[in-house]
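So you can see what is in the structure, the chains are spelled out below.
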Amino acid sequence: MNTNLEIELFTQTGKPLKLKNPLLLASGTCGYVCELESFTDLSIPGGFIAKGTTLHPREGNPQPRIAETENGMLNAIGLENIGVEALVKEKAPVWENLGITVFANIAGSTIDEYSAVAESLEGVKGIAGVELNISCPNVKAGGVEFGLNPKMAAEITAAVRKATTLPLIVKLSPGSGRTTEIAQAVASAGADAITLINTFRGMAIDTSRRKPLLGNVTGGLSGPVLKPVALAMVYEAAGIVDIPVIACGGISSAEDAIEFIMAGASAFQVGTAFMVDPGLPSKILSSLEKFLSEQGIKDVAEIKGCARNG
Ligand SMILES: Cc1cc2nc3c(=O)[nH]c(=O)nc-3n(C[C@H](O)[C@H](O)[C@H](O)COP(=O)(O)O)c2cc1C
């Protein structure tokens, strides 16, 4: 039986975007995509979210920036990136040539900075849309501060909305305690989709050195440990907003992805698990196809939100 994994996002905007499947690689875990070519087949994922980009290049946080935890990891990269000018000049043309769907993930310390980054991406070939990171726990200024209250989240979304005609995805934090309110606020302010969730703030201590393991002291927790938290947030938000919800957090198997789709997600991102196994996207997609086919389901959209009914 032929199963259709193709999905269409942003249908509500009148400018729908087709993805060959609902699997996207999460920001910060697939770099600028080009560097993956030698060890993963770039034609497999439905899309990629590039590393968080700011107006000017950033060096990021002091080392160490990564620590393993039980069932997950902590990172405090601190948005090291090449800056938007280099992204536009050096990376976007490569994405266009490869014919892959890449979203830029943007960050900043002020609303003006976010807007300026979005403006620089307007009309750039090779960029399919923008994911607005208002949820990074690893930078001193900006980042998650914008994503912790509905008023600020709406303000920054509206400003970036004005700055770009590209599809606008807003990526939310699990740490606000007000996820559904914030999801509603950014949807009303012009977001075309939301991603749930970014990492959760955490830390680890090196007991022999009697010091925090990360140079930044705290970092963002990701990986399997995050999945139940993300799932609950996706379930709640999908019941409230009319725009697509893109799931992210601890997805490392087709079963995980299916849970998120059944909770109401339109698409899903794989992050930490991809860094462990670069061959994972094809394994997840073939298991997803097998599951749907065994269940007699012709289109992945048929199971979207099915765990919500009844
Ligand atoms: C090393 C690393 C770097 C990350 N950098 C970014 C980033 O630049 N922008 C962003 O929005 N999220 C970033 N994230 C968060 C991921 O995109 C994702 O939201 C999070 O890791 C949860 O998904 P996972 O459990 O599948 O990894 C990063 C995560 C990791 C592990």
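So, a few notes on the structure that sits alongside this text. None of the values given here were measured: they were computed from a predicted structure.

### A few points about the pairing of strand β16 (residues 267-270)
Residue alternation in β16 divides its side chains into two sets, A267 and Q269 and F268 and V270, and both sets are buried. Two strands pair when backbone bridges link them, and strand β3 (residues 23-25) and β16 are joined in this way by three bridges, in the parallel orientation. Each residue of the ladder has a partner; that of L25, found in β16, is V270. Pairing of strand β15 (residues 245-248) with β16, which is carried by three bridges, proceeds in the parallel orientation. Bridged to I246 within β16 is A267. Running through helix α6 (residues 254-263), the crossover from β15 to the neighbouring parallel element β16 is right-handed.

### Remarks on the packing of α6 against helix α8 (residues 280-294)
Viewed as axis vectors pointing N to C, α6 and α8 meet at an angle of 60°, and their least axial separation amounts to 8 Å. Overall, the two elements α6 and α8 adopt an arrangement that is oblique. Handedness of the crossing formed by α6 with α8: right-handed. The segment α6 lies against α8, with A254, I258 and M262 engaging I284, S287, L288 and F291. A breakdown of the residues in the contact of α6 with α8 according to their chemical character gives six nonpolar, one polar and no charged.

Rules used in this analysis
Throughout this document, residue positions are counted from 1 along each chain, in the order its sequence is written. With pLDDT at 70 or above as the cut-off, local features in this predicted model cover only qualifying residues; side-chain atom pairs require 80 or more to be listed or tallied, and sums for whole chains, interfaces and linings still use all residues. Based on all heavy atoms of the structure, the side-chain values leave hydrogens and waters out of the count. Accessibility here uses a 1.4 Å probe with only protein chains present; expressed as a share of the type maximum, an area under 20% marks a residue as buried, one over 50% as exposed, and anything in between as partly exposed. Segments assigned H or I by DSSP are reported as helices when at least four residues long, segments assigned E as strands when at least two residues long, and all are numbered from the N terminus. The pairing criterion is simple: DSSP has to find at least two bridges between the two strands. Seen with the strands pointing away from the viewer, any crossover whose path from the first strand over the helix to the second strand runs clockwise is right-handed. As a rule, the C-alpha atoms of each element are fitted with a line to give its axis, helices using only the stretch in contact, and angles between N-to-C directions run from 0 to 180 degrees. Oblique is the label for every angle not falling under 35 degrees (roughly parallel), over 145 degrees (roughly antiparallel), or within 65 to 115 degrees (roughly perpendicular). Crossings are classed by handedness, with left-handed meaning an anticlockwise turn of the near helix from the far one by less than a right angle and right-handed meaning a clockwise turn. Note on contacts: a residue pair is in contact if any heavy atoms of the two residues lie within 4.5 Å. Amino acids are sorted into nonpolar (Ala, Val, Leu, Ile, Met, Phe, Trp, Tyr, Cys and Pro), charged (Asp, Glu, Lys and Arg) and polar (every other residue, Gly among them).

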